[in-house]
Every structure is written in C-alpha cells, then in structure tokens.
Amino acid sequence: MTDVLIIGGGVIGLACGIELSLRGAAVTLLERHNCGNGASWAAAGMLAPGAETLTGELADLALQSLSLYPQWINQISKITGDSCGYQKCGILALQACPNSQWLNTEQLAEKQTGLSPELGGAYWLESEGQVDNRKLVPALVLAARSLQIKILEGVEVNRIATNNNQVTHLETSLGKMQSDRYLLATGAWTKSLLPLPISPRKGQMLSLHESDRTLQKIIYGDQIYLVPRGDGRIIVGATVEDVGFLPGNRAASVQHLLSRAISIYPAIANLPILDTWWGFRPYAPNELPLLGTSEYENLALAVGHYRNGILLAPITAQILANHLEKPK
Ligand code: FAD
Ligand code: GLY
C-alpha cells in the first residue's frame, strides 16, 4: 500500500511527492488531466519575493524558498539533466520594494538597454530571478518517475470520504483508493473537494519573440511584468481577475497588457506575438497558503499559493515532508 496519496499534479503536488520519496515514503500521485496543466503551466516563473512586495510570514517563507532554489534545481537536474531555465537574472522594479537598490536613469540604462527614458530610474533586486515553469513541471514528472513515484494521470478524485477525524478513502474515476496518509494539492480547484477558503484568481498572459534578446532583466511594474526567457521569448503578464473559472483571453486585457508593456519597453511594439493564455491562481485569505494540518488527522494541505507557488515549491515540499513524516 502507498504511504502517501497526493491529489494534484501541479508544481506543489510534484515537489512534495519528490521530497517525501527522497525521505523514503512510497508515494502515489493522482492528476485528473496531465501533470502541470493548471496554474503551474500558466505562470511567469518569477522568483520574486521583493518585486511582489511580500511581507510578514509570507515574505519569510518566500525568502527561505528562494535560498533553497539553487540546491533544489541542482537536485532535479542531477536526475533529469535539465536546469529548467533557472537564472538569477535580477529584477528591475518600477515601484519601491524591500532589499532593493535604487538606480537612477544612467545606472538603469547600464543595467538594461532599450527601456523607455520616461521611467526615470528603477529598484534593482539582484538576488531575484526566474525558472521556466514549462520546463520545470516535466522535469519534476521525470524526477518523480525515476524515484518510483506512481503518477496516475487522467484520474479524477470525486470525493474525499471521511469518518470522524480520519479520511477513510478517496472515490476516484478509477474507483476507491486508500492510503495511510493523504495530501491535497489541488490548486484553485480545492473547494470542489473540501470546504476550504481557496478561490480562483484568473491571470491573462501573452508572449512575444525578440530574436536579438536585448531584454535580459525582468521588468516588474504596476499591473505589468516582462520576463525574458533564454530562448528569446518575452512573457508579459498579467491580469488579476475575480471571475471564477471563466476561460479565455479578452481583447481589452491583451490590449491593456501590450500598451503597458510598450510604454516600458518600446521595442515590444514591433515584436511578433507568439501566444496568449490564461490560468487560475489559487487565492487564499491574506495570500497565505494553507500548509500542513487539516481537520482530518491523516490529510495534509498544500494549497493556496496564489501568486507565488513556483517560488514557494521548495519550502512547501520541506514543510509538508516534515509534517507527513511524523508517525500518525
Ligand atoms: P496547479 O498548478 O493549478 O495544480 C493543481 C492540479 O490539481 C491541477 O493539475 C489540477 O488538474 C489538479 N486537480 C485539481 N482537482 C483535482 C481532482 N479533483 N482530482 C485530480 N486532480 C485534480 N508563481 C510564481 O511563483 N511566480 C510567478 O511568476 C507566477 N506567475 C503566475 C502567473 C499567472 C498568470 C498565474 C495563473 C499564476 C502565477 N503564479 C506564479 C502562481 C503559481 O502558478 C501557482 O501558485 C502554482 O502553480 C500553484 O501550484 P499548484 O500545484 O498548487 O496548482
Ligand atoms: N506572480 C505573478 C503573477 O501571479 O501574476
């Protein structure tokens, strides 16, 4: 029998599964579609506690996670041979943020050419950066499989069956499934299984291609960011909308993102658009993820990572592995 049954194959479920497996647990992971189809696919992949102006407990978690990133990526790349576009490229923030250095117009132009002269300076966050989340999730799947984690894709959990303060089994599209312990990592869709205060916040995004790769630093402004990938893509994001699971990109949203992006980095106006997409961030009250204890003794939670789940994956895996390791 499996020691831990994980529901949800996004970055959070996969990261927790890998850490548990490395600590000796037998892990099975259930994903209703393909792993990484949710927010973990849609994200910009910024590792940006300062630019996101995180404070309090969330900032502490995020900074710990940022410091775990190099060794976490190293661990994954030892198994998969892929460092997933992880780079400490630095972020230029257009609004004040903690632990940053102010750059005037000349200093800014030295750091990054091609920015609008109207900007008048920026805050430099040297230790922040990015990972390509669309490379990270497949690498996590590969790492998980090589650690003998059983990943069952196309399996939906329809109900968590409970008795008093225990989960007794899961009702799934494959039938009844049982385990010693359970981990809920279902992102924005959590409420369909348990009445927890997690709700979707839609984000619309687009990407362009800059063949000469002039943009090297992440630019983070008010309701806009530009994330240059190593292959010449520039990711532009993102809206934040409380519209449930309403799908699709809206012309006005794309126009808004593009006009803000062009006002910051004018070369955008002549770049080809590659793609537009959207995703659903798992919002939790006070933007703090629910990590660990649930009302059921053998069910742990790893949900509600909202805007920073890619960043928070390594620390979440540590916290949940510590929690689930304890004998029940
Ligand atoms: P998800 O990736 O959504 O995974 C949940 C999985 O659970 C899904 O695959 C789903 O199919 C599965 N599932 C749900 N219900 C069931 C069920 N009943 N049975 C079986 N499977 C189920 N974070 C950052 O750190 N940096 C960023 O720059 C960043 N940018 C973002 C930009 C956008 C537009 C969005 C939308 C998010 C962004 N985020 C960013 C946030 C980050 O993407 C999320 O916090 C993170 O991906 C959450 O991971 P997750 O595994 O909890 O959820
Ligand atoms: N962290 C960036 C976003 O959620 O849009």
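The text that follows walks through the structure, step by step, so that each part is easy to find. From a predicted model like this one, the values you see are computed outputs, not experimental measurements.

Taken in spatial order, the 6 strands make up an open sheet running 8-2-1-12-19-18, and their pairing is mixed. Either end of the sheet is taken by a strand with one partner, and the two such strands are strand 8 (150-153) and strand 18 (290-293). For this sheet, the mean angle separating the axes of adjacent strands, direction not counted, is 15 degrees. Both strand 18 and strand 19 (residues 299-303) contribute to a ladder of 4 bridges, which runs antiparallel. Its bridge partner lying in strand 19, threonine 293 is registered against alanine 300.

Bringing the sheet that holds strand 5 (residues 101-103) into the picture now. The strand order across the open sheet formed by 8 strands is 5-6-4-14-15-16-13-17, and the pairing between neighbours is mixed. Single-partner strands in this sheet number two, and they are strand 5 and strand 17 (273-283). Between one strand and the next, the sheet's axes are offset by a mean angle of 25 degrees, whatever the strand orientation. Along the sheet, helix 6 (residues 251-264) contacts strand 13 (199-209), strand 14 (218-221), strand 15 (224-228), strand 16 (233-237) and strand 17; its crossing angle with strand 13, the most-contacted strand, is approximately 55 degrees.

Around ligand 2 sit Met46, Glu52, Tyr225, Ala238, Arg281 and Arg307, and that is every residue in its neighbourhood. One of the side-chain N or O atoms of arginine 281 is found 2.7 Å from an oxygen atom in ligand 2. Within the complex, the protein chains bury 89% of what would otherwise be the 200 Å² of accessible surface of ligand 2. More than half of the atoms of ligand 2 fall within 2 Å of the grid points belonging to the largest pocket. Taken together, the residues that form the shell around ligand 2 break down as 3 nonpolar, no polar and 3 charged.

Okay, the side chain of glutamate 52 next. Its place among the elements puts glutamate 52 in the loop between strand 3 (46-47) and helix 3 (56-80). Here the side chain of glutamate 52 touches tyrosine 220 through a polar contact of 3.1 Å, side chain to side chain. Within the local environment of glutamate 52, its side chain forms a polar contact with the side chain of arginine 307, the two groups lying 2.6 Å apart. Sequence-distant contacts of glutamate 52, that is, excluding residues within four places in its chain, are made with Met46, Tyr220, Arg307 and Asn308.

Once that is clear, we can look at the site of ligand 1. In the region of ligand 1, 40 residues are neighbours, and Glu31, Ser40, Met46, Tyr306 and Leu311 sit closest. At 3.0 Å, a backbone N or O of valine 157 approaches a nitrogen atom of ligand 1. The separation between an oxygen atom of ligand 1 and a polar main-chain atom of leucine 311 is 2.8 Å. Computed on the free molecule, ligand 1 has an accessible area of 1,000 Å², of which 99% lies beneath the protein chains in the complex. Taking a 2 Å distance to the grid points as the criterion, the majority of the atoms of ligand 1 fall inside the largest pocket. Among the elements of the structure, helix 1 (11-22), strand 2 (27-31), helix 2 (39-42), strand 13, strand 17 and helix 7 (309-325) are those that each provide at least two residues to the shell around ligand 1. Per-element tally for the shell around ligand 1: the top contributor is strand 17, with 4 residues. When grouped by side-chain class, the residues that make up the shell around ligand 1 number 20 nonpolar, 15 polar and 5 charged.

In this section: the environment of serine 67. With respect to the helices and strands, serine 67 occurs in helix 3. Spatially, the C-alpha atoms of serine 67 and glutamine 318 are 13 Å apart, while their sequence positions differ by 251 residues. There is a polar contact of 2.8 Å between the side chain of serine 67 and the backbone oxygen of glutamine 64.

It is worth spelling out helix 1 at this point. With 12 residues, helix 1 should cover 16 Å at 1.5 Å per step; its first-to-last C-alpha distance of 16 Å lies within 8% of that length. The buried fraction of helix 1 is high, at 11 of 12 residues. What helix 1 keeps buried is the set Val11, Ile12, Gly13, Leu14, Ala15, Cys16, Gly17, Ile18, Glu19, Leu20 and Ser21. Directly after helix 1, the chain includes glycine 24, whose backbone phi takes a positive value near 105 degrees.

Overall, the coordinates contain 11 salt bridges when judged by the stated rule. Across the salt bridge formed by aspartate 242 and arginine 201, the nearest N and O atoms sit 3.3 Å from each other. Within this pair, whereas aspartate 242 is found in the loop between strand 16 and helix 6, its partner arginine 201 is found in strand 13, the two being separated by 41 residues in sequence. Overall, arginine 201 belongs to the buried group, its relative accessible area being 14%. Sharing partners across several salt bridges, the network here consists of Asp132, Arg229, Asp231 and Arg233.

About the cut-offs
Residues numbered from 1 in each chain as written. Chains lettered and ligands numbered in written order. Predicted model: local features only at pLDDT ≥ 70, side-chain atom pairs only at ≥ 80, totals over all residues. Heavy atoms only, no water. Pairing = 2+ DSSP bridges. Helix = DSSP H or I, 4+ residues; strand = E, 2+ residues; numbered from the N terminus. Axes fitted to C-alpha atoms, helices over the stretch in contact; angles between N-to-C directions. Contact = heavy atoms within 4.5 Å. Near = heavy atom within 4 Å. Polar contact = N/O pair within 3.5 Å; in protein donor to acceptor, adjacent residues only side chain to side chain. Areas by Shrake-Rupley, 256 points an atom, 1.4 Å probe, with all protein chains shown as cover. 1 Å grid on protein atoms, 1.4 Å probe; cavity = no way out; pocket = protein on both sides within 12 Å on 5 of 7 lines; lining within 4 Å. Sits in = over half its atoms within 2 Å of the grid points. Nonpolar A, V, L, I, M, F, W, Y, C, P; charged D, E, K, R; others polar. Expected span 1.5 Å × (residues − 1). Buried < 20%, exposed > 50% of the residue type's maximum accessible area, 1.4 Å probe, protein only. Salt bridge = Lys/Arg side-chain N within 4 Å of Asp/Glu carboxyl O.

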